Amino acid sequence: MNLLAVNRRRVLVGVALLALTAALAYVAVRMGPLAPVRITVTQVTNDRITPSVFGIGTVEARQSWQMGPTTVGRVLRVHVDVGERVKAGQLLLEMDPVDLEQRLHAQDAALSRAASLRVAAKAQLADLAARRELAASNFLRQQELARQHFISPGALESRQQELASADAALQAGQANLQVAAQDIERLQSERAAVALQRQNIRLHAPADAVVISRDAEVGSTVLAGQPILKLAEPASLWVKMRVDQGRSAGLAAGLKASVVLRSQPHMALPGKVARIEVLADSVT
């Protein structure tokens, strides 16, 4: 029995060695250094090789708006939020009017008073014109009587002085009427300025856009010109990219481009070079 077991073991070892040798030979012949060289056959075609430039950029909007008040104030209401689409003319936010209503009422009262003063100046001017006409008639009458030696030269000089005084008073009345008219124009301009400030507390969208930023909340006090909302036109998006100057030769406006967003790495968007900036950074 022991002899049979030894012989069987030898046979199994021999078979295993033969299988291993065959496997090594197959690998050497098919995949090793003794394997035949593979030849790939393809059709030769004529084509143009075009160089390309790669760079990382940021998506920006060429057309954007920063909406904010023209005077210092407090935010009363904000009607939109980030990500919302707005239409042209849509109300975006309102500022607290504070004392604008009272200032408008004060301007209206001042205009009414100025109008009354102008009416009074017109009436005074009409009275002064009548007085001047009477003084002129008296002077002509006295001048005729003096020519006939019915009155003394002193009486004629008195009438002449009355006529000169009437002329001066008439000129003063005309000036007062002009001042009253100028006061009305000034008050109307001041009231129009207050009305414009009142209109500016209600900010409307200048065009169809998307809200990309909201920098103040209700109750916040903002300065003149400080942006509260930032809008961007979706149709004006572009990518602002910086490339190495050593690889930027040949770039020109109008060349085709391919844009790949980080949020969509498997989809390339077609585009073109819009412009080449003259100013470059100090590194590139």
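Keep in mind that this is a model prediction, so the values were computed, not measured. (Residues numbered from 1 in each chain as written. Predicted model: local features only at pLDDT ≥ 70, side-chain atom pairs only at ≥ 80, totals over all residues. Heavy atoms only, no water.)

Asks: I'd like a description of the overall build of the protein chain, backed by residues and values.
Replies: Within the protein chain one finds three helices and 12 strands. Taking 19 Å as the expected radius of gyration for a compact globule of 284 residues, we find that the protein chain reaches 48 Å, considerably beyond that expectation. With 284 residues in all, the protein chain has 19% of them scored as buried. The long-range fraction of contacts in the protein chain, counting pairs at least 24 apart against all pairs at least 6 apart in sequence, stands at 73%. If you sum the accessible surface of the protein chain, you get close to 21200 Å²; carbon and sulfur atoms cover 57% of it. Across the protein chain, the centroid of the 33 positively charged side chains sits 19 Å from that of the 25 negatively charged ones. (Helix = DSSP H or I, 4+ residues; strand = E, 2+ residues; numbered from the N terminus. Rg over C-alpha atoms; globule rule 2.2 N^0.38 Å. Buried < 20%, exposed > 50% of the residue type's maximum accessible area, 1.4 Å probe, protein only. Contact = heavy atoms within 4.5 Å. Areas by Shrake-Rupley, 256 points an atom, 1.4 Å probe, with all protein chains shown as cover. Lys, Arg positive; Asp, Glu negative; His and termini not counted. Charge placed at Lys NZ, Arg CZ, Asp CG, Glu CD.)

Asks: Break down the sheet that holds strand β7 (residues 209-214) for me, citing the residues and quoting the values.
Replies: Read from one edge of the open sheet, four strands run β2-β9-β7-β4, paired in antiparallel fashion. This sheet does not close on itself; its edge strands, each paired only once, are β2 (64-67) and β4 (85-86). Direction of pairing for β4 relative to β7: antiparallel, over a ladder of two bridges. Paired with V86 across the bridge in β7 is A209. (Pairing = 2+ DSSP bridges.)

Asks: Which residues make up the nonpolar core, and what values go with them?
Replies: The biggest cluster of nonpolar side chains holds 22 residues, and the ones touching the most others in it are L92, I228 and L229. At the level of elements, β2, β3 (73-78), β5 (91-95), α2 (100-147), β7 and β9 (229-232) are the ones that each hand at least two residues to this core. Considering each element in turn, this core owes the most residues, three residues, to β5. Among residues more than four places away in sequence, those in contact with I228 are M67, G68, P69, V75, L93, M95, S213, R214, D215, A216 and V222. Membership of the second largest hydrophobic core comes to five residues, among which are A135, A136, L163 and A166. (Core = buried A, V, L, I, M, F, W, Y, C linked by side-chain atoms within 4.5 Å.)

Asks: Help me get a handle on the side chain of S213, residues and values and all.
Replies: If you trace the backbone, S213 turns up in strand β7. For S213, a relative accessible area of 15% corresponds to the buried category. A distance of 2.6 Å separates the side chain of S213 from the side chain of D215, its partner in a polar contact. Among residues more than four places away in sequence, those in contact with S213 are V82, I228, L229 and K230. (Polar contact = N/O pair within 3.5 Å; in protein donor to acceptor, adjacent residues only side chain to side chain.)

Asks: Please give an account of the pattern of salt bridges that cites residues and values.
Replies: Evaluation of the coordinates by the stated rule reveals 14 salt bridges. Here E190 and R186 are joined by a salt bridge, their closest N and O atoms 3.3 Å apart. Taken together, the residues span about one helical turn, with E190 and R186 both in helix α3 (residues 153-200) at a distance of four residues. On the accessibility criterion, E190 (32% relative accessible area) is partly exposed. Between R242 and E277 there is a salt bridge whose closest N-O contact spans 3.5 Å. Of this pair, R242 sits in strand β10 (residues 237-242) while E277 sits in the segment after β12 (264-272), and the two are 35 residues apart along the sequence. Accessibility expressed as a relative area gives 33% for E277, which makes it partly exposed. Within the structure, one salt-bridge network assembled from shared partners comprises K240, R242, R275 and E277. (Salt bridge = Lys/Arg side-chain N within 4 Å of Asp/Glu carboxyl O.)

Asks: I'd love a proper account of the sheet that holds β5, names of residues and values included.
Replies: One open sheet accounts for four strands, arranged β6-β5-β3-β8; its pairing is antiparallel. Where the open sheet ends on each side, the last strands, each with one partner, are β6 (202-204) and β8 (221-222). Summarising the sheet, β3 and β5 pair through three bridges and their orientation is antiparallel. Counted as the bridge partner of R77 is E94 from β5.

Asks: How would you explain the environment of S236 if you had to name every residue and give the values?
Replies: Locating S236 in the fold gives a position in the loop between β9 and β10. Distance from S236 to E133, taken between C-alpha atoms, is 74 Å for residues 103 residues apart in sequence. Within the structure, S236 has its side chain in polar contact with the backbone oxygen of E233 (distance 2.9 Å).

Asks: So what's going on with the environment of V11? Residues and values would help.
Replies: The topology assignment puts V11 in helix α1 (residues 2-30). Considering only alpha carbons, one finds V11 and S248, 237 residues apart in sequence, at a separation of 73 Å.

Asks: Would you mind going over the pairing of β2 in detail, with residue names and values included?
Replies: Residues W65 and M67 point to one face of β2 and are all buried, whereas S64 and Q66, pointing to the other face, are not buried. The sheet contact formed by β2 and β9 spans four bridges and is antiparallel. Along β9, the bridge assignment pairs Q66 with K230.

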